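As a plain string of letters, each chain reads:
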Amino acid sequence: MIKSFIDGKWQETNNLFDALQFNQRQQEVLSVVGAGGKTTVLRRLQMECIKKQLPHVISTTTHMQYERNERFLGHPSLRMLREIFMHCHTVWMGEPVNEWKMKGFSSEFLREVKNLGFWLLLEADGAKHLPVKAPRSQEPVLLKETTTVVNVYGMDGIGKKIQDICFGTEQVCKILGKTKEQILEEKDLILLATSPLAGKKGVMDCMKYHVILNKTDTEKEYEIAKTIARDLGKQGISYVHVTSQLMEKKEKKE
């Protein structure tokens, strides 16, 4: 499910590419931040870019999980990148730090890839699989060329103790004026999404800013997400998306 609240109106689409209002003729440098499904968002966009035959790479400016297979570029090489993309129509790239995690290549190499015409789909901070976060002092790591920032939250964090569902607990508590034993409420997620110390940290005026309320897997979560989306719209966030099951089982191979 992908439903978008854009400029005060609800829209529904079958793909995330259109929901984010991307244009194939306009190259994007996308930075995905937040928690609650960043990698899932990137995987969904990867699948859609493959279908559109759009040159793209998936990587990170910090650290993220990866899969070591024929689609993976483990060292910075433009020649190998072209070869992988020619055969696989997609590229995951980064420097392995262990069997399951990689770190990003240099910003200089990312710019070289961009200059070849590839879209950059980047994970720009970490959350250790938790649904909500506030960035640490060194986060997020946004390329200055970033055109769109997508901030992701997991709706499964609403109604639970901050200490159990938030990454960067101390920063979350500082922004919200709460203790870690208190419950994360709808109004708290709205404050995080609109705060220049949290969801909008590092987002410049030249960058489009989208919020994704992910994991709306129950009717209750869906109704809460719709309320949050409308309230975010009233606070000037023009693009809010309510999503669920972005990756179906048959799509996880992409």
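So, a few notes on the structure that sits alongside this text. Values in this document were obtained by computation on a predicted structure and should not be read as measured data. (Residues numbered from 1 in each chain as written. Predicted model: local features only at pLDDT ≥ 70, side-chain atom pairs only at ≥ 80, totals over all residues. Heavy atoms only, no water.)

Here we come to the sheet that holds strand β9 (residues 101-103). The strand order across the open sheet built from three strands is β5-β9-β8, with neighbouring strands paired in antiparallel fashion. Edge positions in the sheet fall to β5 (63-65) and β8 (95-96), since each has one partner strand and no second. (Pairing = 2+ DSSP bridges. Helix = DSSP H or I, 4+ residues; strand = E, 2+ residues; numbered from the N terminus.)

Let's shift gears to the pattern of salt bridges. On inspection of all chains with the given rule, the structure shows 13 salt bridges. When the shortest N-O distance is used, the salt bridge between D156 and K215 registers 3.9 Å. With a gap of 59 residues between them, D156 in the loop between β12 (148-154) and α5 (162-165) and K215 in the loop between β14 (208-214) and α8 (219-234) connect regions that are remote in the sequence. Residue classification places D156 among the partly exposed residues on the basis of a relative accessible area of 24%. When its relative accessible area of 27% is taken as the criterion, K215 is described as partly exposed. One salt-bridge network, held together by shared partners, links K38, D125, K133, R136 and E139. (Salt bridge = Lys/Arg side-chain N within 4 Å of Asp/Glu carboxyl O. Buried < 20%, exposed > 50% of the residue type's maximum accessible area, 1.4 Å probe, protein only.)

Following E139, the chain continues into P140 via a peptide bond in cis, with omega recorded as -15 degrees. Relative to the assigned elements, P140 resides in the loop between β11 (132-133) and β12. You will see that H129, though not glycine, has its phi angle at about 70 degrees, which is positive. Following the sequence through the fold, H129 ends up in the loop between β10 (119-123) and β11. Residue H129 is classed as exposed on the basis of its relative accessible area, which comes to 66%. In this model, Q245 sits at a positive phi of 55 degrees, which is unusual for a non-glycine residue.

Counting 37 residues, the largest nonpolar core has L184, L189, L192, V211, L213 and I228 as its most contacted members. For this core, the elements supplying multiple residues, two or more each, are β12, α5, α6 (169-176), α7 (186-194), β14, α8 and β15 (239-243). (Core = buried A, V, L, I, M, F, W, Y, C linked by side-chain atoms within 4.5 Å.)

Going through the model one piece at a time under the given rule, you end up with seven aromatic pairs. Taken together, a centroid distance of 4.9 Å and an interplanar angle of 50 degrees make the contact between F5 and W10 tilted. Measuring from centroid to centroid gives 5.3 Å for F85 and F118, while their planes differ by 85 degrees, and the two rings are edge-to-face. Of this pair, F85 sits in helix α3 (residues 78-88) while F118 sits in the loop between α4 (107-115) and β10, and the two are 33 residues apart along the sequence. Taking the relative accessible area as the measure of exposure, F85 reaches 15% and is therefore buried. Given the relative accessible area of 7%, F118 is considered buried. Of the aromatic side chains, those joined through ring pairs into one cluster are F17, F22 and W119. The side chain of K52 reaches across the aromatic face of F17, ending 4.7 Å from its centre. (Phe/Tyr/Trp six-rings, centres within 6.5 Å; stacked < 30°, edge-to-face > 60°. Lys NZ or Arg CZ within 6 Å of the ring centre and 35° of its normal.)

To continue, consider α3. Among the residues of α3, L81, I84, F85 and C88 are the ones counted as buried. End-on, the buried residues of α3 take up no more than an arc of 95 degrees, which puts them together on one face. Of the exposed residues in α3, the ones pointing more than 90 degrees away from its buried face are R79, M86 and H87. Its buried side turned inward, α3 meets β4 (56-60), β6 (72-73), β7 (92-93) and α4. H89 sits one or two residues past α3 and shows a positive phi near 65 degrees. (Arc of directions from axis to C-beta. Contact = heavy atoms within 4.5 Å.)

The values reported here are purely geometric and, on their own, carry no functional implication.
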